[in-house]
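Spelled out from the first residue to the last, the chains are:
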Amino acid sequence: MEQTLVILKPNAVQRELIGDLISRFERRGLKITAMKLCSISTETAAHHYREHLEEPFYEDLISFITSGPSVIIVLESLAAVTIVRSMVGTTNPADAAPGTIRGDFATSPGHNMIHASDSIESAKKEIELFFSSDEMMNYKLSVRPWL
Ligand code: IDP
Ligand code: MG
């Protein structure tokens, strides 16, 4: 089964929307394999967003993602990476379709509410960055055969 990493960014916590967002994933049929509320350190943020180091928005990106607690989640399903990215919507909420998370809850790229891994390879690296193996829960959901 495929896994992906999601970050409900600090504005999702401050706007008290984390329940709504988690609920969307549960209803779609994604299983929560790991989850925590934590403040991302500058070091972890810099590693996570290393490919954006040269971007003009890099400093704002790091200062925003470290500005308060985020919720970090590992989600699991068939094609989890593709499904979750499609639920999240495009990077710029101005282009995001209604019905996607960014299309429903966000207006600016800098405060686009949520991160989701963009490939199976990045998901593996991101899960390792944010979770130790003992934080990953191995359990069965009784609804699984019905999905
Ligand atoms: P993604 O989150 O949709 O995968 P990326 O291109 O990987 O988008 O960019 C990482 C994050 O950097 C975005 O989620 C967004 O918060 C921020 N970002 C990307 N482009 C811009 C921009 O043009 N202005 C401000 N922030 C941006
Ligand atoms: Mg990305």
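Being a predicted model, the structure only gives us computed values, none of them experimental. Residue positions are counted from 1 within each chain, in the order its sequence is given. Here the convention is simple: chains get letters from A, ligands get numbers from 1, in the order in which they are written. Local features are withheld for residues below a pLDDT of 70 in this predicted model, meaning they are given only at 70 or higher, and side-chain atom pairs are given and counted only at 80 or more; totals for whole chains, interfaces and linings count all residues. Side-chain descriptors were evaluated using all non-hydrogen atoms of the structure, hydrogens and water having been removed beforehand.

Colleague: Quick rundown of the layout of surface pockets? Include the residues and the values.
Modeller: Estimates place the volume of the largest pocket at around 670 Å³. Cavities and pockets were defined on a 1 Å grid built over protein atoms only: a cavity is a set of grid points that admits a 1.4 Å probe from which the probe cannot escape, a pocket is an open set flanked by protein on both sides within 12 Å along at least five of seven lines, and lining residues are those with an atom within 4 Å of any such point. Along its surface, the largest pocket is lined by 26 residues, and Tyr49, Glu51, His52, Leu61 and His115 are the ones closest to its centre. Under the DSSP-based scheme used, a helix requires at least four consecutive residues in state H or I and a strand at least two consecutive residues in state E, with every element numbered from the N terminus. Those elements giving two or more residues to the lining of the largest pocket turn out to be helix H3 (42-48), helix H4 (58-65), strand E4 (114-116) and helix H7 (120-130). With four residues, H7 is the single largest residue contributor to the lining of the largest pocket. For the lining of the largest pocket, the per-class residue count stands at seven nonpolar, 10 polar and nine charged. Grid points are joined across faces, edges and corners, and a volume is the space filled by probe spheres set on the points. Classification convention: Asp, Glu, Lys, Arg as charged; Ala, Val, Leu, Ile, Met, Phe, Trp, Tyr, Cys, Pro as nonpolar; all other residues, Gly among them, as polar.

Colleague: Talk me through the environment of proline 93; I want residue IDs and the actual numbers.
Modeller: Note that proline 93 resides in the loop between helix H5 (80-88) and helix H6 (101-105). Once the C-alpha coordinates of proline 93 and proline 109 are considered, the two residues, 16 residues apart in sequence, prove to be 6.1 Å apart. Ignoring sequence-local partners within four residues, the contact set of proline 93 consists of Arg102, Ala106, Thr107, Ser108, Pro109 and Asn112. Pairs of residues are marked as contacts when any of their non-hydrogen atoms sit within 4.5 Å.

Colleague: Tell me about the site of ligand 1, and please be specific about residues and values.
Modeller: Around ligand 1, the surrounding shell consists of Lys9, Tyr49, His52, Phe57, Leu61, Arg85, Thr91, Arg102, Pro109, Gly110 and Asn112. Within 3.5 Å is the distance limit for a polar contact, defined as a pair of N or O atoms, with the added protein rule that one can donate a hydrogen and the other accept it, and that residues adjacent in sequence qualify only through two side-chain atoms. Within the side chain of histidine 52, one N or O atom sits 3.1 Å away from an oxygen atom of ligand 1. In the environment of ligand 1, an oxygen atom lies 3.0 Å from a nitrogen or oxygen atom belonging to the backbone of proline 109. Per-residue and other accessible areas were derived by the Shrake-Rupley procedure at a 1.4 Å probe size, with only the shown protein chains allowed to occlude residues. Within the complex, the protein chains bury 75% of what would otherwise be the 530 Å² of accessible surface of ligand 1. A majority-of-atoms criterion places ligand 1 in the largest pocket. Each residue belonging to the shell around ligand 1 can be placed in one class, and the counts come to four nonpolar, four polar and three charged. For each residue, the test is whether any non-hydrogen atom lies within 4 Å of the molecule or strand; if one does, the residue is near. Throughout, a molecule is located in a cavity or pocket provided that more than half of its atoms lie within 2 Å of its grid points.

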